[in-house]
Amino acid sequence: LGESPPVLQHEACREELEFVPTADAGGLVCGRCGQSAAAGRKLYARGTFVICRECALDGAGVLVDPGARRMWFSQMIQFVGSRAIPLPASQPLLEQILRVLQAFPGIVVRFEGHVNSTCGLDCDGTVAPCEAARKIGSTQCARCPGGAMGLSTARAVAIKKFVLACGVDDDRVYARGFAGTRRLTGDVVDETTGATNRRVEVHTLVA
């Protein structure tokens, strides 16, 4: 990001935070790191609460540009292995995403589900394990109803259901699975890094 988006929703503050341009920052400093706008930090504030963009993105935060109808996230929504259940650590981020969708009705999103496998979009459970899984000696997709596509879609749908249950309109929320086609790490076996692939990403759409 270059110039910061005008709005920040963050787990550390109940209210919406506004970007403070450097010219208006005066003596404001981040309440966490103590850095100022003069030191190059992008500051967000509400009343006496001040946080810089760098510190905000270290927690559960969502940057918002309401005019452009875009959002940027500090994290991705992570999941329990082979399940469509978000990890408890992702709950604060889910709450911030919900806050944004409730506050800005012009924003439309698509939740995109992913799994920690190398399975393609054709891994739908009809052949278990699928060819991609057999090539690396894995049976992971065979344990998932609907294969890797079924699990990745179920993860995206789980987040969609969460926001719909909280009152967000159905025509603003979409869900799609991508199986293991958009991996962030190359090692399926190493759960230290491979767990990163068990995720749902949130992408804004043109309404």
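Structure: see above.
Residues numbered from 1 in each chain as written. Predicted model: local features only at pLDDT ≥ 70, side-chain atom pairs only at ≥ 80, totals over all residues. Heavy atoms only, no water.

K.L.:
Can you walk me through the overall build of the protein in this structure?
P.N.:
Counting secondary structure elements, the protein contains 6 helices and 10 strands. Projected onto its principal axes, the C-alpha coordinates of the protein cover approximately 65 × 35 × 25 Å. With 207 residues in all, the protein has 43% of them scored as buried. The long-range share in the protein, meaning contacts at least 24 apart out of those at least 6 apart in sequence, stands at 64%. (Helix = DSSP H or I, 4+ residues; strand = E, 2+ residues; numbered from the N terminus. Buried < 20%, exposed > 50% of the residue type's maximum accessible area, 1.4 Å probe, protein only. Contact = heavy atoms within 4.5 Å.)

K.L.:
How should the pairing of strand E4 (residues 49-52) be read in this particular structure?
P.N.:
Where strand E3 (residues 43-46) meets E4, 4 bridges bridge the pair, whose relative direction is antiparallel. Paired with Tyr44 across the strands is Ile51, a residue of E4. Between E3 and E4, which pair antiparallel one after the other, the connecting turn spans 2 residues, and Gly47 there sits at a positive phi close to 65°. (Pairing = 2+ DSSP bridges.)

K.L.:
How should the pattern of salt bridges be read in this particular structure?
P.N.:
Pairing between side chains of opposite charge can happen when their charged atoms approach one another. All chains considered together, the criterion is met by 7 salt bridges. Residue Lys135 pairs with Glu131 through a salt bridge whose shortest N-O separation is 4.0 Å. Linking Lys135 with Glu131, this pair stays in helix H4 (residues 131-135), spanning 4 residues, or about one helical turn. Note on accessibility: Lys135 and Glu131 belong to one class, exposed. Each of Arg110, Glu112 and Arg182 takes part in one network of salt bridges that share partners. (Salt bridge = Lys/Arg side-chain N within 4 Å of Asp/Glu carboxyl O.)

K.L.:
When you look at the nonpolar core in this model, what are you seeing that I'm missing?
P.N.:
Soluble globular proteins tend to pack their nonpolar side chains together in the buried interior. Ranked by internal contacts, the top residues of the largest apolar core, which has 24 residues, are Val64, Met71, Ile77, Leu101, Ile107, Val109 and Phe111. Among the elements of the structure, strand E5 (61-65), helix H3 (91-103), strand E8 (108-114), helix H5 (147-165) and strand E10 (199-205) are those that each provide at least two residues to this core. Looking at this core element by element, the count peaks at 6 residues for H3. Leave out the neighbours within four places in its chain, and Leu101 touches Met71, Ile107, Val109, Val163, Val168 and Arg172. Residues Cys13, Leu17, Val20 and Ala25 belong to the second largest nonpolar core, which totals 17 residues. (Core = buried A, V, L, I, M, F, W, Y, C linked by side-chain atoms within 4.5 Å.)

K.L.:
Which parts of the structure should I look at to understand the environment of Leu57?
P.N.:
Mapped onto the elements of the fold, Leu57 is located in the loop between helix H2 (53-56) and E5. Each C-alpha atom of the pair Leu57 and Leu8 lies 9.9 Å from the other, and the pair is 49 residues apart in sequence. With sequence-adjacent residues up to four places away left out, Leu57 is seen in contact with Leu63 and Ser74.

K.L.:
Sorry if this is basic, but what is going on with the packing of aromatic side chains here?
P.N.:
In this description, a pair of aromatic rings is defined by centroid distance and the angle of the planes. A complete count under the given rule lists 1 aromatic pair for this structure. Ring geometry for Phe19 versus Tyr44: centroids 5.5 Å apart, planes at 55°, classification tilted. Taken together, the residues span a long stretch of sequence, with Phe19 in strand E2 (residues 17-20) and Tyr44 in strand E3 at a distance of 25 residues. Taking the relative accessible area as the measure of exposure, Phe19 reaches 17% and is therefore buried. Among the residues examined, Tyr44 registers a relative accessible area of 0% and is labelled buried. (Phe/Tyr/Trp six-rings, centres within 6.5 Å; stacked < 30°, edge-to-face > 60°.)

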